[in-house]
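Each chain, written out:
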Amino acid sequence: VLGIEGSANKVGVGVLQFDPTCGRYSILSNPRKTYVAPAGHGFLPKETAWHHQAHIVALVRTALKQAFPDDDKAERLLSGICYTKGPGMGAPLQSCAVAARTLS
């Protein structure tokens, strides 16, 4: 399972693998990027969404490469794609939802 999280100023992509013998998930990868606002400013939804959009493709590629280093077609090993629906900042959440829907 590939999961995308981007409810605030951090965007991350995780890859999990389920082990049916013990009923647990293992984290195979979890790369992240953090938007750091200019000094004296908080992070605003629009700029944070732009940050997430600029980094999501590279994060997905990195996550798949870390999770399945010997497989050039790692996406075929995924059984699902999920994303954070909320709560959080609307624009960053929407950016990640669009990315997840595009991948699926």
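Residues numbered from 1 in each chain as written. Predicted model: local features only at pLDDT ≥ 70, side-chain atom pairs only at ≥ 80, totals over all residues. Heavy atoms only, no water.

**So, unusual backbone geometry**
Applied cut-off: A helix here means a DSSP run of H or I that spans at least four residues, while a strand means a run of E at least two residues long, and both kinds are numbered starting from the N terminus.
Omega for the bond connecting Gly86 with Pro87 falls within 30 degrees of zero, at 0°, which places this linkage in the cis form. With respect to the helices and strands, Pro87 occurs in the loop between strand 5 (81-83) and helix 2 (90-103).

**Points about the pairing of strand 1 (residues 2-5)**
Filter applied, for reference: Strand pairing follows a simple DSSP-based rule, namely that at least 2 bridges must link the two strands.
Pairing of strand 1 with strand 2 (residues 10-19) involves four bridges; the strand directions are antiparallel. Residue pairing in the sheet places Leu2 in a bridge with Val15 of strand 2. Joining the antiparallel neighbours strand 1 and strand 2 is a turn of four residues.

**Digging into the environment of Asn30**
Rule in force here: Partly exposed describes any residue whose relative accessible area lies between the buried limit of under 20% and the exposed limit of over 50%, with all areas from a 1.4 Å probe on protein chains only and scaled to the type maximum. Between two residues, a contact is recorded if the distance between any of their heavy atoms is within 4.5 Å.
Positionally, Asn30 belongs in the loop between strand 3 (24-29) and strand 4 (32-34). Of the residues examined, Asn30 reaches a relative accessible area of 37% and is grouped as partly exposed. Between the C-alpha atoms of Asn30 and Gly14, which are 16 residues apart in sequence, the distance is 4.2 Å. Setting aside residues up to four positions removed in sequence, Asn30 forms contacts with Val13, Gly14 and Gln66.

**Structural notes on helix 1 (residues 45-67)**
Note the following rule: Here the bend at a residue is taken as the angle between two axes, fitted respectively to the seven residues that end there and the seven that start there.
Along helix 1, the sharpest kink reaches roughly 40°, centred on His55. Regarding helix 1, the residues found buried are Thr48, Ala49, His51, His52, Ile56, Leu59, Val60, Ala63, Leu64 and Ala67. On its buried side, helix 1 packs onto strand 1, strand 2, strand 3, strand 4 and helix 2.

**Remarks on the packing of helix 1 against helix 2**
For any two helices packed against each other, the geometry comes down to the angle between their axes and how far apart the axes lie. The condition that has to hold: Axis definition: a line fitted to C-alpha atoms, over the contacting stretch in the case of helices. Angles run 0 to 180 degrees between N-to-C directions. Orientation labels follow simple angle bins: below 35 degrees gives roughly parallel, above 145 gives roughly antiparallel, 65 to 115 gives roughly perpendicular, and whatever is left gives oblique. By definition, any crossing whose near helix is turned counterclockwise from its far helix by less than a right angle is left-handed, and any crossing with a clockwise turn is right-handed. Asp, Glu, Lys and Arg are counted as charged, while Ala, Val, Leu, Ile, Met, Phe, Trp, Tyr, Cys and Pro are counted as nonpolar; the rest, among them Gly, fall into the polar class.
Taken N-terminus to C-terminus, the directions of helix 1 and helix 2 make an angle of 30°; their axes are 8 Å apart at the nearest point. Judged by the angle between their axes, helix 1 and helix 2 are roughly parallel. In terms of crossing hand, the pair formed by helix 1 and helix 2 is right-handed. Contacts from Pro45, Thr48, Ala49, His52, Gln53, Ile56 and Val60 of helix 1 reach helix 2 at Ala91, Pro92, Ser95, Cys96, Ala99 and Leu103. Along the lines of polarity and charge, the residues of the contact of helix 1 with helix 2 split into nine nonpolar, four polar and no charged.

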